[in-house]
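Coordinate inspection notes
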Amino acid sequence: MSDVVERTLSALPALLGPQHPAAGPGRLPATSRLGSLIRSITALTSKHEEEKLIQQEIASLKAMVSAPTTTLRLMKECMVRLIYCEMLGYESSFGYIHAIKLAQQGNLLEKRVGTLGYDLQSTNLVEVCMALTVVSQIFPREMIPAVLPLIEDKLQHSKEIIRRKAVQALYKFYLIAPNQVQHIHDKFRKALCDRDVGVMAASLHIYLEMIKENSSGYKDLTESFVMILKQVVGGKLPIDFNYHSVPAPWLQIQLLRILGLLGKDDPRTSELMYDVLDESLRRAEINHNITYAILFECVQTIYTIHPKSELLEKAAKCIGKFVLSPKINLKYLGLKALTCVIQQDPNLALQHQMTIIECLDHPDPIIKKETLEILYRITNGQNVTVIVQKMYAPDNGWFIQTMNAVFSVGGDALHPDIPNNFLRLLAEGFDDRKEDEQLRTYAVRSYLTLLEEENTFYPQKFLQVMIWVLGEYSSLATDVDPEIILTRLHSLLKKTFVTSDTKAWIMAAVTKIASRTSCSKTIDKLIKEFSSSLDTCMRQHAFELKHLCEDKVLMKNLLPFDASCNDVVVDASLSFLDGFVVEGLSHGAAPYKPHHQRQEEKLSQEKALNFEPYGLSFASSVSSSGITGRQSPTGLSFGSDTSGNSAETGHKETNTLKLEGIRKLWGKEGYLPKKESKAGKPDEPQAASCGNLLAGRVTDPSASQSDQVSSFSEEEKEKQQLASTLFVGLGSNAGVSLMGKMDVATQKFKRKSKINETQNSEEASDIQNSDASTFGPLLDTVPVNKEDCEGNKHTRLRKPSLCSSDTVEDNLAFETPQSLKKPGLNDRLSDSRLSPLSLFADSNIEIFQPSSSALCESANKTSSVPSLPKELEELPHSEVVELCQSDALALYLCKVWKDDSLLLALFASNKKGSALNAVNLVFEKAEHFQILESPAHQFSVIEAQSVEHCQKYVWMDKICTQGILPGSISYQSEMESCLEFSVTLSLLDFIRPMEMTTEDFGKLWLSLSNDVKQNIKMLPSQDSLSAALSTLQQKLKLHIVDIIGNEGILACQLLPSVPCLLHCRTYSGMLALWFRSPCSALPDGLLYQCQKVMEES
Amino acid sequence: IRFILIQNRAGKTRLAKWYMQFDDDEKQKLIEEVHAVVTVRDAKHTNFVEFRNFKIIYRRYAGLYFCICVDVTDNNLAYLEAIHNFVEVLNEYFHNVCELDLVFNFYKVYTVVDEMFLAGEIRETSQTKVLKQLLMLQSLE
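Residue positions within a chain follow its written sequence, with the count starting from 1. Written order determines the labels here, with chains lettered from A and ligands numbered from 1. This being a predicted model, a pLDDT of at least 70 is required before a residue's local features are given, and a value of 80 or more before pairs of side-chain atoms are given or counted; all residues contribute to the totals for chains, interfaces and linings. By convention in this description, side-chain values take in all heavy atoms of the structure and omit both hydrogens and water.

Going by the annotation in an unreviewed UniProt entry, the name recorded for chain B is AP complex subunit sigma, with Anser cygnoides given as the source organism. Quoted verbatim from the Sequence similarities (unreviewed entry) field of the UniProt record, the comment on chain B reads "Belongs to the adaptor complexes small subunit family." UniProt positions are given in the numbering used here, feature names are shortened, and annotations may be inferred rather than shown by experiment.

The name that an unreviewed UniProt entry assigns to chain A is AP-4 complex subunit epsilon, with the source organism given as Anser cygnoides. What the UniProt record of chain A gives under Sequence similarities (unreviewed entry) is the line "Belongs to the adaptor complexes large subunit family."

1. A short note on the overall build of chain B
Segments assigned H or I by DSSP are reported as helices when at least four residues long, segments assigned E as strands when at least two residues long, and all are numbered from the N terminus. Each helix and strand in chain B was counted, giving five helices and seven strands. The order of helices and strands in chain B, counted from the N terminus, is β-β-α-β-β-β-α-α-α-β-β-α. Every residue pair with non-hydrogen atoms within 4.5 Å of one another is taken to be in contact. Considering only intrachain contacts with a sequence separation of at least 6, the fraction spanning at least 24 residues in chain B is 46%. Exposure was quantified through the Shrake-Rupley algorithm and a 1.4 Å probe, taking into account, for residues, occlusion by the shown protein chains and nothing else. Accessible surface, chain B: about 5400 Å² in total, of which carbon and sulfur atoms supply 51%.

2. Brief notes about the sheet that holds strand β2 (residues 13-18) of chain B
Residues and elements named next belong to chain B. The sheet built from five strands is open, its strands ordered β2-β1-β5-β4-β3 with antiparallel pairing. Bordering the open sheet on either side are β2 and β3 (48-51), each of which pairs with just one other strand. Ignoring strand direction, the axes of neighbouring strands in this sheet form an average angle of 20°. Strand pairing requires that DSSP identify at least two bridges connecting the strands. Two elements, strand β1 (residues 3-8) and strand β5 (residues 64-71), share six bridges in a ladder whose sense is antiparallel. By the bridge assignment for β5, Phe3 is matched with Cys69. Geometry is summarised by axes, namely lines fitted to C-alpha atoms with helices restricted to the contacting stretch, and by angles between N-to-C directions that run from 0 to 180 degrees. The strands touched by helix α1 (residues 24-39) within the sheet are β1, β2, β3, β4 (54-61) and β5, with β1 carrying the most contacts at an inclination of about 60°. Together, β1 and β2 form the strand contacts of helix α4 (residues 106-116), whose direction differs from that of β2 by roughly 35°.

3. Things to note about the interface of chain B and chain A
Opposite the 59 residues of chain B that make contact, chain A presents 64 residues. We define buried area as the total accessible area lost by two parts upon association, computed with a 1.4 Å probe and summed across both. In total, about 5400 Å² of surface goes out of reach between chain B and chain A, with carbon and sulfur atoms giving 57% of it. Here a salt bridge means any side-chain nitrogen of Lys or Arg lying within 4 Å of a carboxyl oxygen belonging to Asp or Glu. Counting across the chain B and chain A interface gives six salt bridges. Salt-bridge contacts for Arg41(B) lead to Asp364(A); the nearest nitrogen and oxygen are separated by 2.7 Å. Polar contact is defined as a pair of N or O atoms within 3.5 Å, subject to the rule that within protein one atom must be able to donate a hydrogen and the other to accept it, and that residues adjacent in sequence are counted only when both atoms are side-chain atoms. Linking chain B with chain A are 19 residue pairs in polar contact (both at pLDDT 80 or more), by the criterion used here. Sorting the residues of the side of chain B that touches chain A by element identifies β2, β3, β4, α2 (76-94), α3 (99-104), α4, β7 (121-122) and α5 (127-140) of chain B as the ones contributing at least two each.

4. Let's talk about the packing of α2(B) against α5(B)
A pair of packed helices is characterised by two quantities: the angle between their axes and the separation of those axes. Residues and elements named next belong to chain B. Interaxial distance between α2 and α5 falls to 10 Å at its minimum, and their mutual angle equals 45°. With respect to their mutual orientation, α2 and α5 come out oblique. The crossing of α2 and α5 is right-handed. Residues Asn85, Glu88, Val89, Glu92 and Tyr93 of α2 lie in contact with α5, whose contacting residues are Gln127, Val130, Leu131, Leu134 and Gln138. Here the term charged refers only to Asp, Glu, Lys and Arg, the term nonpolar to Ala, Val, Leu, Ile, Met, Phe, Trp, Tyr, Cys and Pro, and the term polar to all other amino acids, Gly among them. Residue classes in the contact of α2 with α5 are distributed as five nonpolar, three polar and two charged. For classification purposes, angles smaller than 35 degrees are called roughly parallel, those larger than 145 roughly antiparallel, those between 65 and 115 roughly perpendicular, and all remaining angles oblique. Handedness of a crossing is defined here by the sense of rotation of the near helix relative to the far one, left-handed for an anticlockwise turn of less than a right angle and right-handed for a clockwise turn.

5. Some remarks on the sheet that holds strand β14 (residues 976-986) of chain A
Residue and element names in this part refer to chain A. Pairing is antiparallel across the open sheet formed by four strands, whose spatial order is β11-β9-β13-β14. The two strands at the open ends of the sheet, each matched to only one other strand, are β11 (936-942) and β14. When the angles between neighbouring strand axes are averaged without regard to direction, this sheet yields 20°. Pairing between strand β9 (residues 916-923) and strand β13 (residues 962-972): five bridges, direction antiparallel.

6. Observations regarding the confidence of the model for chain B
Residue and element names in this part refer to chain B. Values of pLDDT, which run from 0 to 100, indicate the predictor's confidence residue by residue. Model confidence for chain B is summarised by a mean pLDDT of 85, while 99% of its residues fall at 70 or above. In the model of chain B, α5 stands out as the element of lowest mean pLDDT, 82, in contrast to β5, which has the highest, 90. As scored by the predictor, the complex reaches a pTM of 0.46 and an ipTM of 0.91.

Structure below.
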């Protein structure tokens, strides 16, 4: 309905100024009622007054239009005033019906707002024009079919303006209901070829929409569009269409957009338009907004279609013009263009890095936002930290929720700085006190809702954050009863997934809340419950809480509200203990030596401590940063110190490295004042030089900038640094010059091959890669061997061949396979024995081989010596030893060191002349070992003078250096007899070499947390590292991964797949051993074995 | 084009042309919002501002803000110049246009808009043609 009213507008001129038809558009006559209405409204000062006036006006109008005496003339005027009220946003629907009545009264002017159909069929040009204009307005979908044929007719109208409006009306229909105009597509083509430019231009709107939908259907029109554009650009259009002497700029833009859509991902179609695009770029040279509009569209098209290097170059130059323009609009569009093309051409961002940096702090938010958008698009693994620092949170809710998501997803793998900084931010707040409280209250509420959900698992770090916030700020949520919070915390304490670490956080939070509440049942209950806890820590906390609760005043002083940021004065020198120390000294106690001093004394024979991070020595393959994370072995205490979060320490180091060139705000000591950090930071010049490198490498504009580097002010330098950190890793050759630096910084786990790959790829894949490489090691290092084992378990051995001629030898000395000590012989033997086995192929592991003399000795014996079946014979194995024997039966054992398990081959030999029945072999359950499959085996019958054979696969369940696997064998001869025996198994039986690359070693090393260090003396016989290592290799079956200088790294695994890594370093006759393994007992066990073999050899 | 708005600095609407379906409340809200985002901007700022899912291209002539709301993918400068083209036509038509011309002859301004923009697109950019058409319409009245 309001449409109708709006249409009535067209009728207005005649109503208002019929007396002065020739006066042209002018001021209204002062006498006009509308004029006075408008005047009085403009004179008003408040909205309220306006409302009052209009209500009055409407009331009087209502009366007037309903009155039958109102003349037509008066009615017209009323209508105008009504329309004006309507436009001001007041309800005047009562007038609609009168408007229609008026419209039906039949003279030419009123009829314009009458029925459309009638108008459309009119022969009057103006009427048709008006009708078409109305149709092109918001038009009800249901009415389209009714008027469509009429409009189609108008496409053939002789007047171009009618054809044109008809096309535009059809365009409107297309937008509303594309299906209904489908059948007239060929008419659009006709319109495109219309001899009038206006009609053609109007048809472009439709084509743009249709091509957006489906570009493939209109490829054949490309040439036409190109032709049209060529003519437009060439100035073939009538001069009427020039705008500031640019020929039909909007038409050009429209055509460029269409071409862009058509040429996208289509080399052949793109080929057609290269020329005209080039010409467009060339022609648009006048310094006027409209030419820039064309240029901008041109650039977009060039980057959208199949690329042509020549054009791209020109387009890039053009973007440069935009970016460097002093006009803010053009600069903005330049940035916008950069955002679009940055993924295709990261070098462009490098060229304009200084502009981008400047725009980061631009007062216009839209420019700032666009700049952030650019940064977002160039984000890669190397600069993500710096870029994210430039972003900001829109509001509190968003911030807390995002952090919640980060904590739940990141979980305990999060860098510890993240929760710490988050809490610090909450605690320190901003300048605005009110804002701080809002943020904190929001956090408290958010966490309370999260904790309300029963049985939801949250990562420990997230829990700790929530608990801390609740403890610190729960009182801000005044409507929440502290008792509820305490109950929540209490129930958390009882959850099994909560670690003792987190429990300590909970107790601290409870204590804080307790200091602010008078008395609480939950606290009493909690104290009672945990005062008798088995966990000493919890008991301690409970007692503390209990005592504090008894003295509320002390408690309040001790735990002031929101004081987490206040400085606590700590007497770090512990001067209050001086008296105690003096007393101790006077009683003859030794003066205290700090830890490091003791260390130094212990290592005093060493001339110089090597504090070089150990990874540097193989910098070529393993990035050093990973290992720098840990201190050098000599810097740490001897013996085993397990550190739960050592893997995190590794991460931490790399992160700090990543921030090179960024002002360091937080140090170990807390906030570093600006000046200090500038003065004393060794890595700043590096970062600056890194910036120069970048700047020097890119082309002209910024190269000249870098020449002036020396004369730059401090601020400029800072910007340069920022630039170098932001644009790190962009461009094809960007990475190379900086590789050493950046790579260390972020991609410590990256494989060599990946480095090249990621430097060239776009950031999306880059991030993926770095993600993958970060999480990679976890997956890599826990190879799942179970399936393999199962596969092997089922391979049954064929019956052992009978070798009765051979003799048993029962020399106990052979039980441990160390009888052969000559390395030469060893090598030879292992060569001949081990060749078919991959695992042992290149590691000279000592394998037992009965010496010829032993064989001769044992030849005297009478009973048969069992020998291994052929397929086992080829595997490394021990000597066959006797476990037990009686008159009737002897039991022999041979250990076979298979790749995936220890195989015990047991031979039951019947010494009697008659068969033995029901021979039962049973292993007892042993603490340290696990027998795969069943621990028992039954030989139903063993023929006279023959040997039967069975195999058992064993794993070590609990680590020990040596353990006993007891068992018994029972048989039936004249009477039932039973023999007991025991098998001695050493840790070494379960150790296998683990092959890996140096890189994998580096990764794995960082992911392992249990370490043991020990220095052992080297014997003069093997004072070289390689000699010592080969001893370890032979005796302990370790795999030598790499030897560099005086350092070596070795790897082995405990079956089935527990890795243990060893780092060795020699210095002045000492061998520093450093083990790491996911299993805490394994390094100790191996260390013991190492010491043993090193002493023996 | 989603809509065209002409407002003065105080936020009084001098012209509103909608090319999208909104109900009246929504229109009123849009008008207020546009006024809020546009008037706070400095002369040194760009002539573009993001607005909901669209962007507004605006240009200030004396005390009047001419705002065109377009899709984000549209060419900013093209519409900025379209505004200028429109103002040039108004200037020609009203012989040195001022705010009062738009107040008292709002119906004529609508006619100009309809001549130059149609169905949410730029229709006619040739100033001579627009003026010719306008004079022709005027002669009928």
